[in-house]
Structures are given as C-alpha cells and as structure tokens.
Amino acid sequence: QVQLVESGGGLVQAGGSLRLSCAASGRTFSSYAMGWFRQAPGKEREFVAAINCNGGNTYYADSVKGRFTISRDNAKNTVYLQMNSLKPEDTAVYYCAAANRYLDTHLLGSYHYWGRGTQVTVSS
C-alpha cells in the first residue's frame, strides 16, 4: 500500500513557475511508476506526465511538453513536477498517482494509488 500527499500548489501569474511535490509512504516507492494528472472544474481528469521506477523514462502530454518536467528522488520517496511558463489553462487540481508498471501511463486506469490533490491557479 502507498499513501501519496501532494504539496506545492498555489496562485501564480501567467508565465510564472511552481514546483509540485508528492511524498509517498512505504518502503517500496522505487518499485512504482509515478504520474501526475490534473482536473479543471467541469472537466475530466487528464494525464500530465509520467516517470518510470528509476527515473530513466518520462512521458508528457502534448499540452505541457517543453514546459513541465517530472522527476523523482527515490531516496526521499518523492516525485516532483516542475511547471514553467504557466498558462491560465493550466489551472486545475493536480494529483499524483502510483502504478505497478510503467505501461499505458497516460490512462487513469493504469494507476493504483492516488493522492488527494493540490490546487494550482494561474491568473492572466
């Protein structure tokens, strides 16, 4: 079992940056692929980025490619999402999630554990 807690959200102006963190409990964090998703009001939850167990492979949604970077520190049981050049359309609740395998990481159903989310608001 893995428990995930996100932090680092907030209010930022367009063009600004934020760094989200997701702290995981348990001693098996390094065995999980990790992902970030987001959900804007009235919209479905959508994939943002994913990273495999050792951090050697990453995958991004086209909407954030070149602006966001996912990384992980297995010694700290933490996955990060560095968000640069933020846009108002990035406003959403951001969730981290853990998957047993790095497969179909853009699909919600691939993930077994979810955090409660952190709010990111980008003002224009």
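Please refer to the structure placed before this passage.
Because the structure is predicted, anything quoted here is derived from the model rather than measured.

Conventions used here
Residues numbered from 1 in each chain as written. Predicted model: local features only at pLDDT ≥ 70, side-chain atom pairs only at ≥ 80, totals over all residues. Heavy atoms only, no water. Phe/Tyr/Trp six-rings, centres within 6.5 Å; stacked < 30°, edge-to-face > 60°. Helix = DSSP H or I, 4+ residues; strand = E, 2+ residues; numbered from the N terminus. Buried < 20%, exposed > 50% of the residue type's maximum accessible area, 1.4 Å probe, protein only. Pairing = 2+ DSSP bridges. Polar contact = N/O pair within 3.5 Å; in protein donor to acceptor, adjacent residues only side chain to side chain. Contact = heavy atoms within 4.5 Å. Axes fitted to C-alpha atoms, helices over the stretch in contact; angles between N-to-C directions.

Turning our attention to the packing of aromatic side chains. What the rule picks out here adds up to 6 aromatic pairs. Where Phe37 meets Phe47, the ring centres are 5.6 Å apart and the plane angle is 75°; that geometry is what we call edge-to-face. Highlighted residues: Phe37 in strand β4 (residues 33-39) and Phe47 in strand β5 (residues 46-51), separated in sequence by 10 residues. Members of the aromatic cluster, connected to one another through ring pairs, are Phe37, Phe47, Tyr59, Tyr111 and Trp114.

Burial runs high along strand β3 (residues 18-24): 5 of the 7 residues are buried. Direction of pairing for strand β1 (residues 4-7) relative to β3: antiparallel, over a ladder of 4 bridges. In the sheet register, Val5 faces β3, and the bridge partner there is Ala23. As paired elements, β3 and strand β8 (residues 78-83) share 6 bridges and run antiparallel to each other. What sits directly across from Cys22, in β8, is Val79.

Moving on: the side chain of Asp90. With respect to the helices, strands and loops of the structure, Asp90 is situated in the loop between β8 and β9 (92-99). Among the residues examined, Asp90 registers a relative accessible area of 0% and is labelled buried. A distance of 2.9 Å separates polar atoms of two side chains, one belonging to Asp90 and the other to Arg38. The residues contacting Asp90, other than those within four sequence positions of it, are Arg38, Arg67, Phe68, Ser85, Val120 and Val122.

As summarised here, the arrangement of the 4 strands in space is β1-β3-β8-β7, forming an open sheet in which the pairing is antiparallel. The open sheet terminates on both sides in strands that have one partner only, identified here as β1 and β7 (68-73). Neighbour-to-neighbour, the strand axes of this sheet turn through a mean angle of 15°, independent of strand direction.

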